[in-house]
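Chain residues, written in single-letter form:
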Amino acid sequence: MNGILMHAPALVIALPLLAAFVTPILGRFNYKKISWFVSAVFGVTLLLTLLMAGQILTNGTIVYVFGGGEAGLALPSGYTFPIRIIFQIDAMGIFMALITAVISFLAAVYSISYMEDYSGVDKYYTLLLLLATSMFGMELTGDIFNFFVFFEISSISSVALISFRSTFNGEPAEAAIKYMVISSISALMVLFAIGLFYGQYGTLNMAAIASFMQFTKLDKMALILFLTMLAMKSGAVPMHMWTPDAYSEAPSAITVVLVATSQASLYALFRIIFSLYNVTLNTVTVGWILIILGVLSMFIGVTMAVIQKDIKRLMAYHSISQTGYMLLGVGVGLAVLANPAALASYGIKAMEGGIFHIINNALYKGLLFLTAGALFYRTGTRDLNKMGGLAHNMSYTTLFYIIGAAAIAGIPPFNGFASKLIIYESVYQFNPLLAIIAMLVSILTLASFVKIFHSAFLGPQLEQYKSVQEVPKSMVFAMAVLSIIIIFFGLFPNLIVKYIVHPAVMALINQSHYTSTILGGM
Amino acid sequence: MIGEMSRIVRTMTNIIFGFIVVFGFYVIAHGHLSPGGGFQGGAIVASAFALLLVTYGTEVIQQYIAKDLLSVIESTGLILFGSFGFLGISATYFYNIVANSGGLFGSPTVIGVNPGDLNTSGTIALMNIAVGLEVLAALGVIVLTMSAAAEIIQNKEKS
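Being a predicted model, the structure only gives us computed values, none of them experimental.

Considerations on unusual backbone geometry
With omega at 10°, the peptide bond leading from Pro412(A) into Pro413(A) counts as cis. Relative to the elements of secondary structure, Pro413(A) occurs in the loop between helix H14 (395-408) and helix H15 (415-430). Residues other than glycine seldom take positive phi values, yet Asn100(B) does so here, at roughly 60°. Examined against the element boundaries, Asn100(B) turns out to sit in the loop between helix H4 (67-87) and helix H5 (123-158).

What follows is the structure in structure tokens.
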């Protein structure tokens, strides 16, 4: 037990990675059972992540050194610096890993029924496991080159998954090529920025780079590259063109995981800004850049969403808009980072709102995409004009949809309300106009989800959907679990903020703690 | 890539093929001593497959090299790579416990100028072999699939 706990950071990566390559071999013997095997692996990974979370939230940061006991190498001069690949998992990292673990587990369970009739499912599961591995890697690692490697794995596996046999008239291949171009460019530019760090400081360990950070011209270039490329991968507005295509063409279970993937990129952006640069950069300027990106994403995302007729495309535009809330909350926190009084009075609250919104968005967005997948599974269409009266036949799906829609629109007592309220209150103290825009966006969000509800679920039973039944049990299970978590988070937001979100925010803000965990012993 | 190429090409391929494969495996096995390693050696072996495909055509080669078998080898290589990491789990994942242990690839490394002892470096050599297997199978599958696709396109254009 103790050994498992000690090696949990490695096992979280190694288990899905090994399972990814065991799956095709198992598929030769028993093709039908591999979906259960994959779900079991994700279940074990979720347990490991929960164990790690318990340990981190009680005892503090975990450091895991791959390939040796000692992190550092002592030079003859007595100077020591970190050389090995180090996983440095603090409250923020484990917060993201929890999201990944929950979402990928439920996506795998949902896929048991959803992907049953497709051929080549063994390859689908291999890619899904690789995608989950890469997300864990991006979130847990303390080595910036290691981050790049996992970033590339996530791009490659999600490209293949987006284009995985979709039969609806859309063009999955086009969406996948778009995403491939976007992610190759971003990966190359991220590598270039990492090269700038390595050329100057001669180390790839994030804590070491943070402690050496001078904020030279080259560091500014690296910051611009990281900011644009990671914002592009997380789907913030001027670079959002891939999001609607990729999200709507991918199989629904994959769309949910893609939401988590783009949030992992968002996490990397926050990690680099807060842990690597922190107050060395001009926090007001960069904070306002994040705020403007956020406001643009919120507003343009939601206005584009209202006019869509394709249910998944509509939801995809909403995930752009929800990313805006996170950028707004964290941007306000960054803008006042150098001002301790403002940081204490509303900066930390704003960041709590932004970070809390990440997990809330993963939950309700996941639930909504899964209900869209359930509708597609039974009706074979994503066109809202062709649906109608489905509440007569699919009562569970309707219930889950109502929970998800109420949560995303910020209606109490669901989780979206909690994080949005924190954002409104704290952002209002920073700049009232921003809070008003955020509220307006929330109203438009409600409008567009009422539109889906009206055209897909309400109305008389249609002739062609008379024989439609409720979706299979595994899909209902995945949606039910998400709904329960959403209601729990909505009823007890103070507990979640206090025990999970607040430590995560403090881990981001407190840079000296991040660097001293690695360099303190040297 | 339909059909065979001329007798000259076929004869040269028959002679060279073995050498390329042996050289590829040499690069894999000496990955921890000389430039190259698992990936590079695997790519060299896969290039021998490509040579066969160009010379003899897709149809003939598909009878000898099964895509399914290559897929299994690919997965096996990757599973081996991941499992070798667990060998050192008593310290940490990927800890090189085989080095200097005396067994296979376990001789102690000689410091200083030496002719190069193959039997050193522990898990690094084992992992090179695993990666070599994976890469030769994966690139082999890619080359086979591409040539099969090219054949389909050529057949379409003809008809």
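Section: the interface of chain A and chain B
Facing 15 residues of chain A, the contacting portion of chain B comprises 14 residues. Every element with two or more residues in the side of chain A that touches chain B is listed here: helix H1 (2-29) and strand E1 (62-65) of chain A.

Observations concerning the confidence of the model for chain B
Residue and element names in this part refer to chain B. Per-residue confidence for chain B gives a mean pLDDT of 88, with 99% of residues at or over 70. Of all helices and strands in chain B, the one with the weakest mean pLDDT is helix H3 (residues 58-64) (85), whereas helix H1 (residues 7-29) scores best (94). Across the interfaces of the predicted complex, the ipTM metric reaches 0.89, alongside a pTM of 0.93.

What about the nonpolar core?
Residues and elements named next belong to chain A. Leu-128, Leu-328, Leu-367 and Ile-486 are the most contacted members of the largest nonpolar core, which totals 235 residues. Among the elements that line this core, the one with the most residues is helix H13 (residues 340-379), at 20 residues. Look past the residues within four positions of Ile-486 in its chain and what remains in contact with it is Leu-363, Tyr-364, Leu-367, Ile-403, Ala-407, Phe-414 and Asn-415.

Digging into the environment of Lys220(A)
With respect to the helices, strands and loops of the structure, Lys220(A) is situated in helix H8 (residues 217-234). Sequence separation between Lys220(A) and Pro82(A) is 138 residues; the distance between their C-alpha atoms is 24 Å.

Cut-offs and rules
Residues numbered from 1 in each chain as written. Chains lettered and ligands numbered in written order. Predicted model: local features only at pLDDT ≥ 70, side-chain atom pairs only at ≥ 80, totals over all residues. Helix = DSSP H or I, 4+ residues; strand = E, 2+ residues; numbered from the N terminus. Contact = placed C-beta atoms within 7 Å. pLDDT = per-residue confidence, 0-100. Core = buried A, V, L, I, M, F, W, Y, C linked by C-beta atoms within 7 Å. Buried ≥ 20, exposed ≤ 12 C-beta atoms within 10 Å, placed from the backbone.

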